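# Per-entry structural report
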Amino acid sequence: MKIKRLVVLISGSGSNLQALIDQVHLIPKVLAEIVAVISNRADAYGLERATAAGINTQVLDHKAFPSREAFDQALQGLIDEYAPDYVILAGFMRILTADLVNHYHGRMINIHPSLLPDYKGTRTHERVLADGKAEHGASVHFVTAELDGGPVIMQVKIPVLPHDTPESLAQRLLTQEHRIYPAVVKLLANEQVRLGTQGVELDGQLLTQPLLLPSN
Ligand code: NHR
Ligand code: GAR
């Protein structure tokens, strides 16, 4: 099997990028290489993580473009220079146009900090607490034009604890994000998971519900 080329898009800290560097990038037997990290923000700490790992970095500042369409056209051009097999959103905070998303149909994934389809959008930890939920989690999904609405590949669940704040909940979930995202990228790189016409397939079988990452 050919080594899969991954482009990772970030906007911030890049701790999920770090998990991919540590658990996926050029790890023996995984067959995947992060060929570039692209940020829409020049001050994203994740750029330093990429540089430290010897990975190409690019900054494309959305504020330098007159419209979302213009930014996305430039972004698509930049991504395609690296001829990726998969495009991985890791804390990337810009909504993408349908044209860009469709160009990478079945080849773009995102990690979202909620048990989708619940709590699409932002400030998920705060909203989960406000609603008095007993459980929270993260979802890795194929990206489609519908925001946070694409087919979910895998989820991880955590309990909400009595004294949780949005920050403590976010931190505990992040630890699990760092397990689930590499697990999904490995399944893609090994060609075990794909997006079929009816939904997500694992080893050629249509999933009737998302995979659940075992808790540790
Ligand atoms: N684009 C499409 N078309 N579909 C998805 O499912 C996407 C997407 C782009 C990003 C990540 C997503 C998340 O996991 C993602 C999924 C940013 C916003 C947002 O409101 C919403 C969802 C996600 C990422 N962004 C504001 C905007 O105007 C800017 C917010 C900011 O800069 O802080 O783009 O949650
Ligand atoms: C993660 O919690 C990720 O799930 C979330 O942002 C954080 C990024 O952390 N993503 C979104 O909210 C996408 N809109 P990181 O930069 O340390 O990986």
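Each remark here, short or long, concerns the structure printed above.
What counts as what
Residues numbered from 1 in each chain as written. Chains lettered and ligands numbered in written order. Predicted model: local features only at pLDDT ≥ 70, side-chain atom pairs only at ≥ 80, totals over all residues. Heavy atoms only, no water. Phe/Tyr/Trp six-rings, centres within 6.5 Å; stacked < 30°, edge-to-face > 60°. Core = buried A, V, L, I, M, F, W, Y, C linked by side-chain atoms within 4.5 Å. Buried < 20%, exposed > 50% of the residue type's maximum accessible area, 1.4 Å probe, protein only. Helix = DSSP H or I, 4+ residues; strand = E, 2+ residues; numbered from the N terminus. Contact = heavy atoms within 4.5 Å. Near = heavy atom within 4 Å. Polar contact = N/O pair within 3.5 Å; in protein donor to acceptor, adjacent residues only side chain to side chain. Areas by Shrake-Rupley, 256 points an atom, 1.4 Å probe, with all protein chains shown as cover. 1 Å grid on protein atoms, 1.4 Å probe; cavity = no way out; pocket = protein on both sides within 12 Å on 5 of 7 lines; lining within 4 Å. Points joined across faces, edges and corners; volume = space filled by probe spheres on them. Salt bridge = Lys/Arg side-chain N within 4 Å of Asp/Glu carboxyl O. Expected span 1.5 Å × (residues − 1). Arc of directions from axis to C-beta. Pairing = 2+ DSSP bridges. Axes fitted to C-alpha atoms, helices over the stretch in contact; angles between N-to-C directions.

## Concerning the packing of aromatic side chains
Applying the stated criterion to the full structure yields one aromatic pair. Ring geometry for Phe 65 versus Phe 71: centroids 5.8 Å apart, planes at 65°, classification edge-to-face.

## Digging into the nonpolar core
Counting residues in hydrophobic clusters, the biggest one holds 44 residues, and the most contacted among them are Ile 34, Val 37, Ile 109, Ile 153 and Tyr 181. Considering each element in turn, this core owes the most residues, nine residues, to helix α6 (residues 166-189). Non-local contacts of Tyr 181, meaning those with residues more than four positions away in its chain, are made with Asn 16, Leu 20, Ile 88, Leu 89, Ala 90, Ile 109, Asn 110, Ile 111 and Val 140. Counting residues in hydrophobic clusters, the runner-up holds 20 residues, among them Ile 38, Leu 75, Leu 78 and Val 87.

## A closer look at the site of ligand 2
Around ligand 2, a shell composed of Ser 13, Gly 14, Ser 15, Asn 16, Gly 91, Phe 92, Met 93, Ile 111, Pro 113, Leu 174 and Glu 177 is seen. Gly 14 places a polar main-chain atom, nitrogen or oxygen, 2.8 Å from an oxygen atom of ligand 2. With respect to ligand 2, the side chain of Ser 15 contributes an N or O atom lying 2.6 Å from an oxygen atom. Its free accessible area being 450 Å², ligand 2 has 81% of it covered by the protein chains.

## Quick look at the layout of surface pockets
Taken as a whole, the largest pocket spans an internal volume of roughly 980 Å³. As for the largest pocket, its lining consists of 37 residues, of which Gly 91, Phe 92, Met 93, Ile 111 and Pro 113 are closest to the centre. Where the lining of the largest pocket is concerned, the elements lending two or more residues are α1 (15-23), β5 (108-112), α5 (124-130) and α6.

## Some details on the pattern of salt bridges
What the rule picks out here adds up to eight salt bridges. Between Arg 41 and Asp 43 there is a salt bridge, with the nearest N and O atoms lying 3.2 Å from each other. Under the relative-accessibility criterion, Asp 43 is labelled exposed at 56%. Among the salt bridges present, the one from Arg 172 reaches Asp 164, with a minimum N-O distance of 2.8 Å. Residue classification places Arg 172 among the partly exposed positions, given a relative accessible area of 26%.

## Some details on helix α3 (residues 68-81)
End to end, α3 covers 20 Å across 14 residues, agreeing with the expected 20 Å (1.5 Å per residue, within 8%). Taken as a whole, α3 has its buried residues at Phe 71, Asp 72, Leu 75, Leu 78 and Ile 79. The buried residues of α3 all sit within an arc of 125° when viewed along its axis, so they share a single face. Relative to its buried face, α3 has exposed residues pointing more than 90 degrees away, namely Gln 73 and Glu 81. On its buried face, α3 sits against β1 (4-10), β2 (32-39), β3 (57-59), β4 (86-89) and α4 (98-103).

## Quick look at the sheet that holds strand β8 (residues 193-195)
Spatial strand order, β8-β9-β10: three strands in an open sheet with antiparallel pairing. With partners counted over all chains shown, the strands left at the sheet margins are β8 and β10 (205-206), one partner each.

## Re the sheet that holds β4
With mixed pairing, eight strands are arranged side by side in an open sheet as β3-β2-β1-β4-β5-β6-β7-β11. At either margin of the open sheet sits one strand with a lone partner, and together these are β3 and β11 (211-212). Sheet topology places β1 next to β2; seven bridges connect them, and they run parallel. Each residue of the ladder has a partner; that of Leu 9, found in β2, is Ile 38. Its contacts with the sheet place α6 against β1, β2, β4, β5, β6 (135-142), β7 (152-159) and β11, and it is angled at close to 155° to β7.

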